[in-house]
Amino acid sequence: MTGIQTQSTPPSVGSFRGIIIGCTVFICGEIFGFVIEKGRVFEPSVVVDQMSMKRFVMLKMFLSAVISGMFCMSVLSMLPFTRQKFLSARQTLVNDLQGKGYMTVMLGGFILGIGMALGGTCPGVVFAQLGTGTQNAVYTLLGTLAGALLYGVLEPTLMSLTKPNKPVKYQFIFHVLGSPYHTSAIPVAAILSVIVFTLEIAYPWDTEDSESTSMWEASSWPPFFTGLIVGSLEVPLILIVGGLLGASSSYCTVTAQVLITDKMKQKVPYLVKFKSGLSNWWQVVFVVAAIHGASLSSQLSGTSGTIEGQSALMSFSGGVLIIVGARLAEGCTSGHGISGMGLLNSLSIATIMSMFIGGMLSARCIQMLT
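Keep in mind the model is a prediction, meaning the values are calculated, not measured.

Thresholds, definitions, all that
- All residue numbers refer to positions counted from 1 along the written sequence of the respective chain.
- Since the coordinates come from a predicted model, pLDDT governs what is reported: local features require at least 70, and pairs of side-chain atoms require 80 or more to be given and counted, while whole-chain, interface and lining totals use all residues.
- Calculation of side-chain values draws on the structure's entire complement of heavy atoms; hydrogens and water are dropped beforehand.
- Note on geometry: axes are lines fitted to C-alpha atoms, helical ones only across the stretch in contact, with angles between N-to-C directions running from 0 to 180 degrees.
- Runs of H or I in DSSP of at least four residues are treated as helices and runs of E of at least two as strands, each being numbered from the N terminus.
- Orientation is classified from the angle alone, with under 35 degrees giving roughly parallel, over 145 giving roughly antiparallel, 65 to 115 giving roughly perpendicular, and any other angle giving oblique.
- When the near helix sits turned anticlockwise from the far one by under a right angle, the crossing is termed left-handed; a clockwise turn instead gives a right-handed crossing.
- Residue contacts are defined here by distance: any two heavy atoms, one from each residue, within 4.5 Å place the two residues in contact.
- Residue polarity follows a fixed list, in which Ala, Val, Leu, Ile, Met, Phe, Trp, Tyr, Cys and Pro are nonpolar, Asp, Glu, Lys and Arg are charged, and the others, Gly among them, are polar.
- Note on ring pairs: Phe, Tyr and Trp rings are taken, using the six-membered ring of Trp, and paired if centres are within 6.5 Å. Classes follow the plane angle, with under 30 degrees stacked, over 60 edge-to-face and the rest tilted.
- When accessible area is computed with a 1.4 Å probe and restricted to protein chains, residues below 20% of their type maximum are described as buried, those above 50% as exposed, and intermediate ones as partly exposed.
- Definition used: whenever NZ (Lys) or CZ (Arg) falls within 6 Å of the ring centre and also within 35 degrees of the ring normal, the charge is taken to sit over that ring.
- Known as pLDDT, the predictor's confidence for each residue is given on a scale from 0 to 100.

### So, the packing of helix α5 (residues 102-119) against helix α16 (residues 312-329)
Next, step 1: Contact geometry of α5 with α16 gives a least axis separation of 7 Å together with a crossing angle of 160°. Taken together, the axes of α5 and α16 lie roughly antiparallel to each other. Between α5 and α16 lies a crossing of left-handed hand. Note on element contacts: α16 touches α5 through Met314, Ser315, Ser317, Gly318, Leu321, Ile322, Gly325, Ala326, Leu328 and Ala329, opposite Thr104, Val105, Leu107, Gly108, Gly109, Ile111, Leu112, Ile114, Gly115, Met116, Leu118 and Gly119.
Next, step 2: Residue composition of the contact of α5 with α16, by class: 13 nonpolar, nine polar and no charged.

Quick look at the structure:
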């Protein structure tokens, strides 16, 4: 759920800009993977327990990331020398959601939530699971790639069934209110901060790392702290890359590489647009770096290869569903959740609400059947 608008530049300038973008993306991916591991939200049990409403580590980190993103983007929207960058990045979200309506994104979010409850993961978290050696993470990855291919085949049918009769008139809540972005975002961030604070009082974060020699060797950091770091990644991505935080389209880019013949391309035209281009590949660099960042963090804390995963079948099935859902909604927990909700996008808010509903209902059904 990210993109880059490139301009025609001389080869030397374009090459230098590509190097800067690549380095920025790689560093952001490293930080993302490292922090996701420290926040423990990559653990399948943490994701499943969140959907079962048993633990709130994931929700506290998620909301903290939204808060941080809102604050950072509010500042970018107000400063004269960063405002245009902010508006350009925000436009990528609008462009990505063209042709999507509330029925489309809510159905996608619901399917995404089911996949999260089954596999104990989400699109951005899969790579942290790979880096930490989480049990059956490879099956999850295979499921996500199969899900990207499946959605590519089903996309024309799904879109014809859910495409709205007319485009959404107001995508952003602050447009409805007739006010600048920051005047709505900052109060919302304050309200979400109260919610996180309340959750922390009711369900306090604890750790067994009181004897750790350093914070880098600790197996976990407070979820509100890790969330703030993740949300702040919006700044370099907006200013240097020209996009927003997201992960789900990277699966489409990787899967599209198998489309070699014209016959294959005709069967899955949706994936063809992901086959090449900087706007597609930078997200792949991001998630590959996230694998290394998560691996580094787990090695420092001595937890690499110790995390139990879901069964192979549930991991694979969950992987398929999270990508089918995320692609139908045109975004995942990072793209819609942190970036979209941070921008007060109404379609993103509807997606995340549906995601939690689908996840909680699925988690309840799984509990009843087991």
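### Re the packing of aromatic side chains
Next, step 1: Per the counting criterion, the structure on display carries 14 aromatic pairs.
Next, step 2: When the centroid spacing of 5.4 Å and the interplanar angle of 70° are considered together, the rings of phenylalanine 174 and tyrosine 181 count as edge-to-face. Exposure class is identical for phenylalanine 174 and tyrosine 181. Each is buried.
Next, step 3: Aromatic ring contacts, followed pair by pair, group Phe34, Trp216, Trp221 and Phe225 into a single cluster.
Next, step 4: Here arginine 90 stacks its cationic end above the ring of phenylalanine 172, 5.3 Å away from the centre of that ring.

### Re the environment of leucine 344
Next, step 1: Along the polypeptide, leucine 344 turns up in the loop between α17 (333-342) and α18 (346-369).
Next, step 2: The exposure class of leucine 344 is buried, given its relative accessible area of 4%.
Next, step 3: Linking leucine 344 and methionine 355, residues 11 residues apart in sequence, is a C-alpha distance of 17 Å.
Next, step 4: Apart from residues no more than four positions distant in its own chain, leucine 344 is found in contact with Met70, Gln171, Phe172, Ile173, Phe174, Tyr181, Ser184, Ala185, Val188 and Ile349.

### Observations regarding the confidence of the model for the protein
Next, step 1: On average, residues of the protein carry a pLDDT of 90, and 94% of them reach 70 or more.
Next, step 2: Here residues 1-13 scores under 50 on pLDDT; set against residues more than four positions off or in separate chains, the count is 36 contacts.

### Some words on the packing of helix α3 (residues 57-78) against α17
Next, step 1: In contact at an axis separation of 8 Å, α3 and α17 are set at 45° when each is read in the N-to-C sense. Of the possible angle classes, the one that applies to α3 and α17 is oblique. Regarding α3 and α17, the two cross each other, and that crossing is right-handed. Residue-level inspection shows Phe62, Ala65, Val66, Met70 and Met73 of α3 in contact with α17, the latter providing Thr333, Gly337, Ile338, Ser339, Met341 and Gly342.
Next, step 2: When the residues that make up the contact of α3 with α17 are grouped by side-chain class, the tally is seven nonpolar, four polar and no charged.

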